[in-house]
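Below are the chains, spelled out letter by letter.
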Amino acid sequence: MSIYVNMENMEYEISIRVTLPAKISKVLKLEKDRFVVEYGSSYKSDPHVTLYLDRYTEDGFPKLIKDLEKLKFEAFTFSLLPPEMRIEKDRHRNLYVMDVSSKEQFRRLHDEVSKIAIPYRSPLLREKTSRRLEQQGIYTDGVRANVLESTNNNFDPHITLGEIDFDKPQAEITEVQKNLKQIEGEKISVSSIVVFFYGKERGVEKANLINQVLIPFQN
């Protein structure tokens, strides 16, 4: 079966992540899926810590991979901390996350990855970003240069479990904590990152995975 795709109407994104061991990811995924089924959460991907997420150019992806393969970073370990709920007034929602330790190491890794990734990003904003800005009363034509963007100082590493709009019934954080108690305190070693490259037609909500590449740290 072949699917026709209009390449001139495509939007590309990259997501650079720290992935998790299978046994831990399985437990977290069960809780993420519960948020999807019971509360309508839109977070359906495998659990991870996002280091960088942005709209990208098609020709920027191979250049990014080539540069990231030279990334020198010392491996580190982090622990899973108790789940918590974060109020996000600008998005009119509560975000449920599993927090992580070693935030300074994550932030340094984020900074190094961002330096490499930013030069190849698209001059246009992600459609989701444009819609979120409009909800905040900031109107844009989608061009990045016309919008004051967040800085790296806002980066807060975590594992997203789900989101619930303020107007909907909320999950009990004590229940979430109970469901994930078995993995709380687990230590995870980080010695690589994974780059996911997605493509979707403009106006379509779901993006399709085009490629993913494992990047081990260079010593």
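In this text, all values refer to a predicted model and were calculated from it rather than measured experimentally.

(A) Local environment of the confidence of the model for the protein chain. Here the protein chain averages 88 in pLDDT, and 83% of its residues register 70 or above. Counting interchain partners and residues more than four positions distant, the pLDDT-below-50 stretch residues 1–7 has six contacts.

(B) Spotlight on the environment of S41. Mapping S41 onto the fold places it in the loop between α1 (22–39) and β2 (48–56). Non-local contacts of S41, meaning those with residues more than four positions away in its chain, are made with F35, V36, G162 and E163. A polar contact of 3.2 Å, which involves the side chain of S41, links it to the backbone nitrogen of Y43.

(C) Fine view of α1. Counted at 1.5 Å a residue, the expected span for α1 with its 18 residues is 26 Å, and the 25 Å between its end C-alpha atoms agrees. Here α1 has its buried residues at I24, S25, V27, L28, K29, E31, K32, R34, F35 and Y39. For α1, the secondary structure elements touched by its buried residues are β3 (76–88), β4 (93–100), β5 (158–165), α5 (173–179) and β6 (187–190). G40 lies just past α1 and shows a positive phi near 75 degrees.

(D) Examining a nonpolar patch on the surface more closely. Taken together, the side chains of M85, I87 and F166 define a hydrophobic patch exposed on the protein surface, amounting to about 270 Å² of accessible area. With respect to the helices and strands, the residue M85 is situated in strand β3. Judged by its relative accessible area of 37%, M85 is partly exposed.

(E) Structural detail: the packing of aromatic side chains. Counted according to the given criterion, the structure contains nine aromatic pairs. Each ring, one from Y12 and one from F197, has its centre 5.4 Å from the other, and the planes form 10 degrees; the classification is stacked. Linking Y12 in strand β1 (residues 10–19) with F197 in strand β7 (residues 192–201), this pair joins segments that are 185 residues apart in sequence. Residue Y12 is classed as buried on the basis of its relative accessible area, which comes to 8%. Here F73 and F76 contribute two aromatic rings whose centre-to-centre distance is 6.2 Å and whose plane-to-plane angle is 70 degrees, an arrangement assigned as edge-to-face.

(F) Layout of the sheet that holds β2. Within the open sheet, the four strands sit side by side as β2-β1-β7-β8. Their pairing is antiparallel. Sheet topology places β2 and β8 (208–216) at the edges, where each strand pairs with a single neighbour. Ignoring which end each strand starts from, the neighbouring axes of this sheet average 20 degrees apart. As judged from the eight bridges shared by β1 and β2, these two strands associate in the antiparallel manner. Looking at β2, one finds that I14 is bridged to D54. This element, helix α2 (residues 60–68), spans β1, β2, β7 and β8 of the sheet and lies at about 180 degrees to β7. The strands touched by helix α3 (residues 103–117) are β1, β2 and β7; relative to β2, the strand with the most contacts, the crossing angle is about 20 degrees.

Reading the values: rules and limits
- All chains use their own residue numbering, which begins from 1 and follows the written sequence.
- At least 70 in pLDDT is required for a residue's local features to be given in this predicted model, at least 80 for side-chain atom pairs to be given and counted, and no such filter applies to totals for whole chains, interfaces and linings, which use all residues.
- As a rule here, side-chain values cover all heavy atoms of the structure and leave hydrogens and water aside.
- For every residue, the predictor states its confidence as a pLDDT score lying anywhere from 0 to 100.
- Pairs of residues are marked as contacts when any of their non-hydrogen atoms sit within 4.5 Å.
- A run of H or I in DSSP becomes a helix once it reaches four residues, and a run of E becomes a strand once it reaches two; helices and strands are each numbered from the N terminus.
- Two N or O atoms form a polar contact when they lie within 3.5 Å of each other; inside protein one atom must be a possible hydrogen donor and the other a possible acceptor, and for residues adjacent in sequence the pair counts only when both atoms belong to side chains.
- In a helix, the anticipated span is given by 1.5 Å times the number of residues less one.
- Buried, partly exposed and exposed residues are distinguished by accessible area as a fraction of the type maximum, computed with a 1.4 Å probe on protein chains only: under 20%, between the cut-offs, and over 50%, respectively.
- Excluding any residue in a salt bridge, patches collect residues exceeding 30% relative accessible area, merging like charges within 9 Å and nonpolar Val, Leu, Ile, Met, Phe, Trp and Tyr side chains within 5 Å.
- Only the protein chains shown count as cover for residues, and all accessible areas are computed by the Shrake-Rupley method using a 1.4 Å probe.
- The working definition used for a salt bridge is a side-chain nitrogen of Lys or Arg within 4 Å of a carboxyl oxygen of Asp or Glu.
- Side-chain rings of Phe, Tyr and Trp (the six-membered ring for Trp) are treated as a pair once their centres are within 6.5 Å; stacked means planes under 30 degrees apart, edge-to-face means over 60, and tilted covers the remaining angles.
- Pairs of strands are assigned from DSSP output, requiring at least two bridges between the strands.
- Each axis is a line fitted through C-alpha atoms, and for a helix only the stretch in contact is used; angles between axes span 0 to 180 degrees, taken between their N-to-C directions.

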